[in-house]
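# Overview (structure and organization)
Single-letter residue listing:
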Amino acid sequence: MRTGPDKLFLSADIHCGLRAFDHLRDEWQQAVERARLPSLFVSPVFTELSWEHFAHPSDEPWLIAVRDAAGELVGLLPLALCTEHRHRVPLKVLRHIGTWSGDRPGVLHLVEGWQVWQAALSALLARQQDWHRLDLREIDDQNLPAVAMLQVVNTLSVSARPDTYAGVLPITGTWDDYFKSRSKNTRQAYRRSERLLEEACPGFEVEVIESADTIGAAFERYVAIERLGWKSGANIGFWADAREADFHRALLPRLAATGQASVWMLRSGTRDIAGLVRLRQGGITYERYSAYDPEFARCSPGTWLCMEAVRRLFGTDCVRSDALGLHEPLVNRPAIGAWYDLEQRTSRLVVTREMTGLRLLRQSRDAIDALRALPASRWRKVGVGVGA
């Protein structure tokens, strides 16, 4: 990758249609390999499999390739153009492909992230006649300055509000030093959990499955544990979308083949007690899903297994563990906040073009809401006919 003043000039092209994947795939993967700590959820394999499993037949991929003055790919934003209906009016909405099953995909960037966002948003502005709304989830807050360019366009309505949170743990030093830095209550709870597990499940052990040939069967064991918990009945988390399991059945063997996926099982004999699905991109591990058998809830097997997996990261080339899928601050999730020192926040950016039809609909709705809010004393009967 070249360096120099010309790197400050960025341009962006929008590649539409399924052929865009074939056109950019090799260059895209090479950029992922050169980037510093890129997100797995913006990689070609994750994005393409997400498209295959979650896209509607009428959706269209929009891959925004950002290049420097030398023509080298330095950023990529993979979006989907989807048709939605609001008050029976069809809207063309652009969403991030990586959020269908991923978490905080952001943009692939080999320069500053906000620079790639700015170039990509400029390209979208130039094509604003082709979309009605941008609905971009989970943008890291440090990239929000790029949004300022949209707020001065008087034909756009722009809003940015808090979206998701994540626990981030830098992997430095040793496990012993890290463990000593936890609160007294956290250390005691961990030791109590280990003691209760030893009493309830003598000889319990951790099995790590990371082969492409065997990870599929291990994932089915994990799903069996997930099915025992309350989330499956409430249709949240892993069960929020029926396509999620099939997506991971396709994804995990592909990632395991390159050392980027593993399934961890805590078991006693032949019985599985808890499970963890871990993904990896470079030096970052993503603790994607975890579950435990409710029969062993008093032992806190899920937390113990997750922290055992974290313990084994110390002394490796991993630099960060990422706890995903939080919709509230860590202060409200003490079981995670006790172990993860940093909180990463994201925002949801919604940009809507001002269109005559939508403006009239909004004004009509506001007028109806205002009338409904009037007290009965403000209403009066009106006769029929002139002069009534």
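Once that is clear, we can look at the nonpolar core. Ranked by internal contacts, the top residues of the largest apolar core, which has 48 residues, are L108, L124 and W131. Looking at this core, the elements with two or more residues in it are β1 (10-16), α1 (19-34), β2 (60-68), β3 (73-86), α3 (113-126), β6 (133-140) and β13 (342-353). Beyond its immediate sequence surroundings of up to four residues, L124 is in contact with I14, W62, I64, L79, L94, W131 and L134. Counting residues in each nonpolar core, the second largest holds 34 residues, with I171, Y190, C201 and F296 among its members.

Put simply, helix α7 (residues 215-228) and helix α9 (residues 244-256) touch, their axes get as near as 9 Å, and they point 140 degrees apart. It follows from the interaxial angle that α7 and α9 lie oblique. Here the hand of the crossing between α7 and α9 comes out right-handed. Of α9, the residues touching α7 (which contributes I215, F219 and E220) are A245, H248, R249, L252, P253 and A256.

As a further point, take the pairing of β6. Of all 8 residues making up β6, 7 are buried, and the element is well covered by its neighbours. Across 6 bridges, the pairing between β6 and β13 is antiparallel. Its bridge partner lying in β13, D140 is registered against T346.

Before going further, it helps to spend a moment on the layout of surface pockets. Space inside the second largest pocket adds up to approximately 630 Å³. As for the second largest pocket, its lining consists of 32 residues, and the residues nearest its centre are R36, L37, H109, D140 and Q142. When residues of the lining of the second largest pocket are traced back to their parent elements, those giving at least two are β5 (108-109), α3, β6, β11 (284-292) and β12 (320-326). By residue class, the composition of the lining of the second largest pocket is 16 nonpolar, 7 polar and 9 charged.

So, on to the packing of aromatic side chains. Within the structure shown, the criterion is met by 18 aromatic pairs. Note on W51 and W100: the rings are 5.8 Å apart at their centroids and 40 degrees apart in plane angle, and the pair reads as tilted. Note that W51 is positioned in helix α2 (residues 44-54) and W100 in the loop between β4 (89-96) and β5, a separation of 49 residues in sequence. Since its relative accessible area comes to 11%, W51 is described here as buried. Overall, W100 belongs to the partly exposed group, its relative accessible area being 21%.

Bridging between β3 and β4 involves 8 bridges; their strand directions are antiparallel. By the bridge assignment for β4, L79 is matched with H96. Between the antiparallel neighbours β3 and β4 lie 2 residues, among them H87 with a positive phi of about 55 degrees. Pairing between β4 and β6: 3 bridges, direction parallel. Across the sheet, the residue bridging to V93 is R133, located in β6.

Cut-offs used in this document
- Residues numbered from 1 in each chain as written.
- Predicted model: local features only at pLDDT ≥ 70, side-chain atom pairs only at ≥ 80, totals over all residues.
- Heavy atoms only, no water.
- Core = buried A, V, L, I, M, F, W, Y, C linked by side-chain atoms within 4.5 Å.
- Buried < 20%, exposed > 50% of the residue type's maximum accessible area, 1.4 Å probe, protein only.
- Helix = DSSP H or I, 4+ residues; strand = E, 2+ residues; numbered from the N terminus.
- Contact = heavy atoms within 4.5 Å.
- Axes fitted to C-alpha atoms, helices over the stretch in contact; angles between N-to-C directions.
- Parallel < 35°, antiparallel > 145°, perpendicular 65-115°, else oblique.
- Left-handed = near helix turned anticlockwise from the far one by under 90°.
- Pairing = 2+ DSSP bridges.
- 1 Å grid on protein atoms, 1.4 Å probe; cavity = no way out; pocket = protein on both sides within 12 Å on 5 of 7 lines; lining within 4 Å.
- Points joined across faces, edges and corners; volume = space filled by probe spheres on them.
- Nonpolar A, V, L, I, M, F, W, Y, C, P; charged D, E, K, R; others polar.
- Phe/Tyr/Trp six-rings, centres within 6.5 Å; stacked < 30°, edge-to-face > 60°.

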